[in-house]
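A closer look at the structure
These are the residues of each chain, in order.
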Amino acid sequence: MQERGNTQELAEAGHRNEPGALSPQQAREIFRGGTVAHTSGYSRGYAQANLITLPQEQAFDFLLFAQRNPKPCPLLGVLEAGEVSSELLTEGDIRTDIPLYRVYRQGQLEAEVPDVRDVWREDLVSFIIGCSFTFETALLDNGVPVEHIAQGKNVPMYRTNIPTNPAGVFSGPMVVSMRPIPAAQVADAVRITSRYPAVHGAPVHVGDPAAIGIEDLNHPDFGEAVDIPAGTIPVFWACGVTPQSVVMESKPEFAICHAPGHMLITDARDLQYQVP
């Protein structure tokens with residue numbers, strides 16, 4: 001891991017539009033040092049992940065929920081109660097190494113903070129969930145544009161009318177991320193992303209947003225609206241912000257999540273999650 005004295009230099013590299021060249025350890029270090037940024041395009045070649053942390057008494061219910069809903073909630077790992085590190089974040093800390101967190105109480109957003117050590121509890125179980133940012137390198141390497149990266153924006157995310165399969169106390173609507181894809185490359189995008197089932201895989205919908213309950217692409221529920229170039233078609237992937245939609249609906253007494261678009265950058269290579 002880089003020495004602490006290099007944190008400012010690394011942060012400046014990120015601001016110079018060089019975040020893709022940072023190693024996961026370097027990226028986590030600058031986030032631990034206080035840099036807040038959405039992470040699409042960071043540490044190219046490495047998997048990114050969503051986070052939901054819940055009290056142990058709700059952990060089995062959520063594990064069952066993820067098992068019943070593998071499209072929006074593909075599990076990459078689970079930390080036992082009180083654990084703050086794993087093989088996915090070597091020498092890392094789940095409480096500090098994400099650029100921005102959300103703290104929920106009774107389903108209500110209480111705070112967005114860059115560090116959750118002040119609210120950490122030893123009974124908390126953390127679930128690390130695959131993120132579609134992971135397959136964006138494969139899209140770009142195959143010549144498929146990713147507009148939110150090109151426009152320097154967070155990916156737009158929307159609540160839908162697609163229900164999840166309930167489990168225990170948890171239920172709620174699926175959230176999707178949207179990327180406008182040139183019409184001639186939609187089939188390529190489907191083929192490429194289908195090889196990454198651990199990070200949401202193939203899209204859940206292509207085309208008309210209203211068919212899945214989205215009224216206006218210019219007003220996402222999370223992230224930022226992107227300009228949609230002429231000749232492109234909106235393509236929607238299941239999103240790991242779905243657990244936050246479920247938290248809002250189900251109202252557990254306490255939860256910690258990543259802020260949408262501000263992901264955990266793991267030490268796992270994206271190719272590790274590619275299937276033939």
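As a reminder, the structure under discussion sits directly above these lines.
Scope of this entry: the structure provided in the associated data block.

Calculation notes
- Residues numbered from 1 in each chain as written.
- Predicted model: local features only at pLDDT ≥ 70, side-chain atom pairs only at ≥ 80, totals over all residues.
- Heavy atoms only, no water.
- Helix = DSSP H or I, 4+ residues; strand = E, 2+ residues; numbered from the N terminus.
- Rg over C-alpha atoms; globule rule 2.2 N^0.38 Å.
- Buried < 20%, exposed > 50% of the residue type's maximum accessible area, 1.4 Å probe, protein only.
- Contact = heavy atoms within 4.5 Å.
- Salt bridge = Lys/Arg side-chain N within 4 Å of Asp/Glu carboxyl O.
- Core = buried A, V, L, I, M, F, W, Y, C linked by side-chain atoms within 4.5 Å.
- Phe/Tyr/Trp six-rings, centres within 6.5 Å; stacked < 30°, edge-to-face > 60°.
- Pairing = 2+ DSSP bridges.
- Axes fitted to C-alpha atoms, helices over the stretch in contact; angles between N-to-C directions.
- Polar contact = N/O pair within 3.5 Å; in protein donor to acceptor, adjacent residues only side chain to side chain.

Here we look at the overall build of the protein chain
- What the protein chain contains, in helices and strands, is seven helices and 11 strands.
- Relative to a compact globule of 276 residues, whose C-alpha radius of gyration would be 19 Å, the protein chain shows 18 Å and is just as compact.
- Based on the C-alpha atoms only, the size of the protein chain along its principal axes is roughly 50 × 45 × 35 Å.
- Each of the 276 residues in the protein chain was classed as buried or not, and the buried ones make up 57%.
- Taking all contacts inside the protein chain whose residues are at least 6 apart in sequence as the whole, residues at least 24 apart take part in 77%.

Section: the pattern of salt bridges
- Summed over all chains, the structure comprises 13 salt bridges.
- Residue Arg117 is joined to Asp115 by a salt bridge in which the shortest nitrogen-to-oxygen separation is 2.6 Å.
- We classify Arg117 as partly exposed; its relative accessible area is 47%.
- The partner of Arg121 in a salt bridge is Asp123, with the nearest N and O atoms 3.0 Å apart.
- Overall, Arg121 belongs to the partly exposed group, its relative accessible area being 25%.
- Where salt bridges share partners, they join Arg28, Arg32, Asp97 and Asp267 into one cluster.

Details of helix H2 (residues 24-32)
- The buried count for H2 comes to seven of nine residues, which makes it a mostly enclosed element.
- Considered for burial, the residues of H2 that qualify are Pro24, Gln26, Ala27, Arg28, Glu29, Ile30 and Phe31.
- Gly34 sits one or two positions beyond H2 and adopts a positive phi of about 115°.

Regarding the environment of Gly172
- With respect to the helices and strands, Gly172 occurs in the loop between strand E6 (157-163) and strand E7 (173-182).
- What makes Gly172 buried here is its relative accessible area of 13%.
- Considered as a pair, Gly172 and Ser245 are 73 residues apart in the sequence and their alpha carbons are 6.4 Å apart.
- For Gly172, the contacting residues outside a window of four places in its chain are Pro163, Thr164, Val246 and Glu249.

Here's the deal with unusual backbone geometry
- Positive phi is not limited to glycine here, since Glu91 has a value of about 55°.
- By secondary structure assignment, the location of Glu91 is in the loop between strand E2 (75-79) and strand E3 (101-105).
- Glu91 sits in the exposed class, given a relative accessible area of 58%.
- In this model, Lys251 sits at a positive phi of 60°, which is unusual for a non-glycine residue.

A look at the nonpolar core
- Among the nonpolar cores identified, the biggest contains 20 residues, and Leu88, Ile94, Ile128, Ile256 and Leu264 are the most heavily contacted of them.
- Mapped by element, the contributors of at least two residues to this core are strand E1 (46-55), E2, E3, strand E5 (124-130) and strand E11 (264-269).
- At three residues, the largest contribution of residues to this core is made by E1.
- Not counting chain neighbours up to four residues away, the residues in contact with Leu264 comprise Arg28, Ala47, Gln48, Ala49, Leu89, Ile94, Asp97, Ile98 and Ile128.

Description of the packing of aromatic side chains
- Following the criterion strictly, the structure yields five aromatic pairs and no others.
- An angle of 50° between the planes, with centres 5.4 Å apart, marks the rings of Phe31 and Tyr42 as tilted. Of the two residues, Phe31 sits in helix H2 while Tyr42 sits in the loop between H2 and E1, which places them 11 residues apart along the sequence. Judged on exposure class, the residue Phe31 and its partner Tyr42 are both buried.
- The interplanar angle of 90° and the centroid separation of 5.7 Å between the aromatic rings of Phe62 and Phe170 together place this pair among those described as edge-to-face. On the criterion of sequence distance, the pair formed by Phe62 in helix H3 (residues 56-68) and Phe170 in the loop between E6 and E7 is long-range, its members being 108 residues apart.

Structural notes on the sheet that holds strand E8 (residues 205-206)
- Across the sheet, which stays open at both edges, the four strands sit in the order E6-E7-E9-E8 with antiparallel pairing between neighbours. Edge positions in the open sheet fall to E6 and E8, since each of these has one partner strand only.
- For E7 and strand E9 (residues 232-238), the ladder comprises seven bridges, and the chain directions are antiparallel. Counterpart to Met178 in the pairing with E9 is Phe236.
- Contacts between helix H6 (residues 186-193) and the sheet are confined to E7, E8 and E9, with E9 contributing the most and set at about 20° to the helix.
- Relative to E7, helix H7 (residues 242-250) is tilted by about 150°, and along the sheet it contacts E6 and E7.

Quick word on the environment of Ser250
- If you trace the backbone, Ser250 turns up in helix H7.
- The sequence separation of Ser250 and Gln106 amounts to 144 residues, and the corresponding C-alpha distance is 8.3 Å.
- Not counting chain neighbours up to four residues away, the residues in contact with Ser250 comprise Val169, Phe170 and Ser171.
- A distance of 3.0 Å separates a polar side-chain atom of Ser250 from the backbone nitrogen of Ser171.

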